[in-house]
Every structure is written in structure tokens, then in C-alpha cells.
Amino acid sequence: MDAETQQTFRTLTERVGQFRLKDKTCLIPQMNRIGGHLLAGAFRSFGVNAVLMDTYEGLDLGKAFTSGKECFPCQVTTGDILLFLKKEKEKLGKDFDPDRYIYFMPEAEGPCRFGMYNKYQRIVLDSFPELESLKIGSLTSKNAYALDGMLDAEQTREFRKVGYYSVVVGDVLDRLLWRVRPYEKKKGMADEFIERATHAMADVFERHGSTKDFERILDKLEEIIREGKAIIDPGIPQKPLVGIVGEIYLRTHVQSNQDVIRLLEKHGAEVLNASIAEWVNYTTYDRMREAKISLRLSLKQLRVSRIRDSLKKILSYGVDLSYQHYRQDQVYKRVKPLLDLAEDHRIHHLDRILGKEKIYSFDVGTEACLSIPGILEYVHQGYNGVVNVYPFTCMPSTITSAIIRPIMNQKKVPYLDTPYDGSFQPGREAAVRTFMYQAQQHFKRHGRNGSS
Ligand code: SF4
């Protein structure tokens, strides 16, 4: 191996990983705006100076430093970090110190490319000699996004709980927006309200996160839900319900998906997008599932240390998953009596659906594990249409599309694929309009939730 290649591999292990966040500025890329603000608030509550970076303005830079073969979210996030650092350098001049920052870029294992974003971005950052010392903080789905080594040992577990709570509350605020915006009394009310509510909730996380004062957070959430509900004009009739699945970044990053939810709303839909907590629950569930498989194998081979190790993992991930369910239920129990917001699917339920239908398997992994049964669940619940939102060439979403299309035709439920790569597609709005016409027809015939 030549010296240059060796150096590249060295930086991938030395400057990508789990680094102490104390006394650093933690740069969080913006995927879903609301959840990003709440997570940054939760970090600040634990004494970490966390900043949610602006997004999408650096896309030209992202494209300049990628070849076009990478997944679109990689281009967007590469542009975000490069533009942020460029602006920071301009602002601070000679006081700019890259060592003060940790750029937060999680990864997922599996047969797709999300595990490579942070490595690729490391290579890009290393092409600027002055940015070499900027570290990339990486969490991985391999250990269900544990934060070991990033915070003080006693804070790590506590932060994980609060961070997860911020994800669930962020999901609820997103759902509140999608629930009220199609029925708002005056155009723009819901967006203006949710912007205020997001910052108010981020403040609550910052003040009460580290003490795990979940009651205060729930009180504020309840107040926000009541205020949001008042935006609904009761005179506006119910609209067709459309479910969204797809690749997590694209379906939640409004700029990258060219605000597809708003476009669907423009053509008469009420929309529900799959949540972020669902992905977090999936990673925990999947680690537990793998440990169970390993236990079965170890029992067959009578390997005592492996049996012990697998049992420990099953217990640990099982406890984490139960905790996540407990907190998620706590939040939804508080908000559902106030407003009919949809709850998440349980992952074991989605696993069972796939097991029964035999059309895909959790053994293959990736987001298709959630999207395929998630679509079937939408159909089962009487949704009037489903949209699959993903980056152009995304492998799991293309698999989802290939498997689910014939099934949706058979079930006679409108279905639309919407791949994005940053370019403007002149036919996109016409496709959405046609899809919404079909969804309207479905709604007229079957009503919502299967009740006509
Ligand atoms: S899920 Fe799709 S877009 Fe995301 S890394 Fe995998 S292939 Fe790329």
C-alpha cells in the first residue's frame, strides 16, 4: 500500500469516530428542521455547544466536491458543512480554529451507502489542509447509536434518553403541522405557529433536558397542541389522507424533496410522513434481533462465551427498546386526547407483516424493512394513497418500489414514486396532481380509515 493510501486510511480511523464533545462546537446537519432544533437544545442542556447548521444553500459546493455518483443526501450534507466552514472562516479570520468543531455525521451499516458518507466527507475535508484537524463525530446503527466516549460516562446514558425524547417530541410537532396546515383558518398561520413552537420547545429542552424533567416538556407540548388545534377551521371538510414512506433524509428534508408535502397539500391532501423515531426504534430492534440469531447459533455450537455475550446484548437492547416504547407511549398518550395525531407502527409488527407476506425480510435490512410493511399498514388503515420519497438511485427505496408497485395495483390504492436529485423535474407537479386525482376518487369511494 502506498504512503498516500495509508494516510487516507489513517485519517478515516483517527478523525472519524466518537470524540469528546466537551469544549467543542458540535455541528449538527439539518435533516428535519424541528427535530434538529430540539436535539441541539438537548445537547446544550448537557453543556455541549451544539449548532444546527443551515442547509441546502451550499448545494453547489456539495456538487463541486462530489462526482455525481454519490447519494443525493451526501451531496447536500457535504455542501452544508463546506459552506458553514467557509462562512465561519470569513467571520473569524485568523481566529478560526478547526479543532474547535466536531461535525456530527452518523452512519448506518447494511448494504447501502450511508455508512460511507462520513468517510467520503473526511476525504473531502482532508483536501483542505487547514481543515484536517476538524473531527467527524460518528454514531453508528451497529450499536443502536450509542454515544460512548462523547460525553462524560454518567451523562451518556442520560443524554441518550433525552435525545430520544427530543426525537419523539419533534415527530409530534411535525405531525401537528401536517394535521393542521391543510385546514388552517388563514394561509400561513400553521407555518408561522410551528416556527415559534419549535424554538419554544428547543428552549424547554435546553432548560430541563439534563434534569430529565419530562413533565415540563409534556406540559409545554400540551400547550402547543392546544394552540395548534385552534388553527383548524372546522368548516373545511376532511381531505384524502396520504401516507409517505421512503429514505429517511429525503422524506424529511424539505428542501431536498422540494417540499413534496406542501405540494400534495396544494392538490388537496392531508399527509402523514413516517417518523424519525421509527428509524431509531428499528436500529435498536434490529440489534436485538441479530443478538437472538447469534444466540441460536451459539447454542447449536455450544459456545459458552458467545451465549453469554448474546444474552447480554439481548437484555441490553431489549431494555432500551422497552424504554423507547415507554417514552413514546407517554408522549402520544398525552397528546392524543387533545388532537387525533397518528401513532407510530411498532417495529415487531412490521417485522411480522413481512414474515407473513414473505415479500422481503429483515435479514436483508435497510429502510425497505420499514417502507414495505409501512405501506401495507397504510393500506390496511384505509389511507387514500401512498408516496415513496427518495434520492434518485437509492437502493432500498428502489427495492421498495419494485416490490410494492404490483401489490398496490392489485389493491387498487394510488401509489407514486418521487425520486429527487436536486434537479427540477417539469413533469413532477403533473404526476402529483394525477396521483391526487386518484386519491380523491379513492376517498370518495372508500372514505378515510376504510370508513366511507
Ligand atoms: S438509503 Fe439510499 S440514499 Fe441513503 S445511503 Fe442508502 S442508498 Fe444512499
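Conventions and cut-offs
- One numbering rule holds for all chains: residues counted from 1, following each sequence as written.
- pLDDT decides what is reported in this predicted model: residues at 70 or higher carry local features, side-chain atom pairs at 80 or more are listed and counted, and totals for whole chains, interfaces and linings draw on all residues regardless.
- Side-chain metrics rest on all non-hydrogen atoms present in the structure, leaving aside hydrogens and water.
- By convention in these notes, a residue is near a molecule or strand provided one of its non-hydrogen atoms lies within 4 Å of it.
- Here a cavity means grid points, on a 1 Å grid over the protein atoms only, where a 1.4 Å probe fits yet cannot get out; a pocket means an open set of points with protein on both sides within 12 Å along at least five of seven lines; lining residues are those with an atom within 4 Å of a point.
- Here the criterion for a molecule occupying a pocket or cavity is that more than half of its atoms lie within 2 Å of the pocket grid points.
- Polarity classes work like this: nonpolar for Ala, Val, Leu, Ile, Met, Phe, Trp, Tyr, Cys and Pro, charged for Asp, Glu, Lys and Arg, and polar for all others, with Gly in that last group.
- Any two strands with at least two DSSP bridges between them are considered paired.
- Secondary structure counts use DSSP, requiring at least four H or I residues in a row for a helix and at least two E residues in a row for a strand, with both numbered from the N terminus.
- In what follows, salt bridge is the name for a side-chain nitrogen of Lys or Arg lying within 4 Å of a carboxyl oxygen of Asp or Glu.
- Partly exposed residues are those whose accessible area sits between 20% and 50% of the maximum for their type, while under 20% is buried and over 50% is exposed, using a 1.4 Å probe and protein chains only.
- With strands facing away from the observer, any crossover in which the path from the first strand over the helix to the second runs clockwise is taken as right-handed.
- Think of each axis as a best-fit line through the C-alpha atoms, taken over the contacting stretch in the case of a helix, with angles from 0 to 180 degrees between the N-to-C directions.
- Here a residue-residue contact requires only that any non-hydrogen atoms of the pair lie within 4.5 Å.
- Between N or O atoms, a polar contact is any pair within 3.5 Å; within protein, one atom must be a potential hydrogen donor and the other a potential acceptor, and residues adjacent in sequence are included only when both atoms are from side chains.
- Centre distance within 6.5 Å is the pairing criterion for rings of Phe, Tyr and Trp, where only the six-membered ring of Trp is used; planes under 30 degrees apart are then read as stacked, over 60 as edge-to-face, and the remainder as tilted.
- Note on criteria: charge over ring means Lys NZ or Arg CZ within 6 Å of the ring centre, with the direction from the centre no more than 35 degrees off the ring normal.
- If an angle is under 35 degrees, it is roughly parallel; if it is over 145, roughly antiparallel; if it lies from 65 to 115, roughly perpendicular; otherwise it is oblique.
- Crossings are sorted by hand: turned counterclockwise from the far helix by less than a right angle, the near helix makes the crossing left-handed, and turned clockwise it makes it right-handed.
- Grid points are joined across faces, edges and corners, and a volume is the space filled by probe spheres set on the points.

Report on the site of the ligand, specifying residues and quantitative values.
The local shell around the ligand consists of Cys71, Cys112, Arg113, Phe114, Tyr117, Glu247, Pro391, Cys394, Met395 and Pro396. With respect to the pocket detection grid, the ligand is positioned in the largest pocket. Considering only residue class, the shell around the ligand consists of eight nonpolar, no polar and two charged.

Could you give an account of the sheet that holds strand E3 (residues 49–52), with specific residues and numbers?
Read across the sheet, five strands follow the order E1-E5-E4-E2-E3 without closing on themselves; strand pairing throughout is parallel. The sheet terminates laterally at strand E1 (16–17) and E3, the two strands that pair on one side only. Relative to strand E5 (residues 135–137), E1 runs parallel, the two sharing two bridges. Bridge pairing links Val16 to Ile136 in E5.

Describe the pattern of salt bridges, with residues and values.
Following the criterion strictly, the structure yields 38 salt bridges and no others. The closest approach of N and O atoms between Lys89 and Glu130, which form a salt bridge, is 2.7 Å. One end of the pair, Lys89, is in helix H4 (residues 72–92); the other, Glu130, is in the loop between helix H5 (117–126) and E5, and 41 residues separate them in sequence. Note on Lys89: relative accessible area 30%, which makes it partly exposed. In this structure Glu130 comes out as partly exposed when scored by relative accessible area, which is 37%. It is possible to trace a salt-bridge network through shared partners that takes in Arg181, Asp191, Asp259, Arg262 and Glu265.

So, the pairing of strand E2 (residues 25–28): which residues are in play, and what are the values?
Side chains Thr25 and Leu27 of E2 all project onto a buried face; the interleaved residues Cys26 and Ile28 project onto the opposite face, where all are buried too. Here E2 pairs with E3 via four bridges, running parallel. Across the sheet, Cys26 pairs through a bridge with Ala50, a residue of E3. Running through helix H2 (residues 33–45), the crossover from E2 to the neighbouring parallel element E3 is right-handed. In this structure, E2 lies alongside strand E4 (residues 101–104), joined through three bridges in parallel fashion. Bridge assignment links Thr25 to a residue of E4, and that residue is Tyr101.

Explain the sheet that holds strand E6 (residues 241–246) to me, and be specific about the residues and the numbers.
Across the sheet, four strands lie side by side as E7-E6-E8-E9; this open sheet has parallel pairing. Of all strands in the sheet, those with a lone pairing partner are strand E7 (270–273) and strand E9 (415–420), marking the two edges. Pairs of neighbouring strands in the sheet enclose a mean axial angle of 25°, with direction left out of account. For E6 and E7, the ladder comprises four bridges, and the chain directions are parallel. Considered in E7, the bridge of Ile244 is made with Asn273.

Go over the environment of Glu130 with me, naming the residues and quoting the values.
The spatial distance from the C-alpha of Glu130 to the C-alpha of Phe96 is 9.8 Å, given a sequence separation of 34 residues. Residues within four places of Glu130 in sequence aside, it is in contact with Lys89 and Pro98. Among the polar contacts listed, one links the side chain of Glu130 to the side chain of Lys89, at a separation of 2.7 Å.

For the packing of aromatic side chains, give the residues involved together with the corresponding values.
Scanning all chains against the criterion turns up eleven aromatic pairs. Between the aromatic rings of Phe65 and Phe128, the centroid separation amounts to 5.3 Å while the plane-to-plane angle is 45°, which identifies the pairing as tilted. Of this pair, Phe65 sits in the loop between helix H3 (59–64) and H4 while Phe128 sits in the loop between H5 and E5, placing them 63 residues apart in sequence. Ring plane angle 75° and centroid distance 5.7 Å describe the contact between Tyr282 and Phe362, whose orientation is recorded as edge-to-face. With Tyr282 in helix H11 (residues 277–301) and Phe362 in the loop between helix H13 (347–357) and helix H14 (368–380), this pair connects stretches of sequence that are 80 residues apart. On the accessibility criterion, Phe362 (3% relative accessible area) is buried. By way of ring pairs, the aromatic residues Phe43, Phe46, Phe104 and Phe159 are connected into one cluster. Looking at Lys135, its charged tip hangs above the ring of Phe19, at a distance of 5.6 Å from the centre.

Please provide a residue-by-residue account of the packing of H14 against helix H15 (residues 395–411), values included.
At a minimum axis distance of 9 Å, the contact between H14 and H15 shows a crossing angle of 20°. Compared by their axis directions, H14 and H15 come out roughly parallel. For the crossing formed where H14 meets H15, the hand is right-handed. Here H14 contributes Ala368, Ser371, Ile372, Ile375, Leu376 and Val379 to the contact with H15, which in turn contributes Pro396, Thr400, Ile403, Ile404, Ile407, Met408 and Lys411. Its residues assigned to classes, the contact of H14 with H15 shows ten nonpolar, two polar and one charged.

For empty space enclosed by the protein, give the residues involved together with the corresponding values.
Scanning the model with the defined rule gives one cavity of 30 Å³ or more in all. The computed volume of the largest cavity comes to approximately 40 Å³. Considering the residues around the largest cavity, the lining is formed by Asp171, Asp174, Arg175, Trp178, Thr252, Asn273, Ala274, Ser275 and Ile276. Here the element with the most residues in the lining of the largest cavity is helix H6 (residues 153–180); it accounts for four residues.

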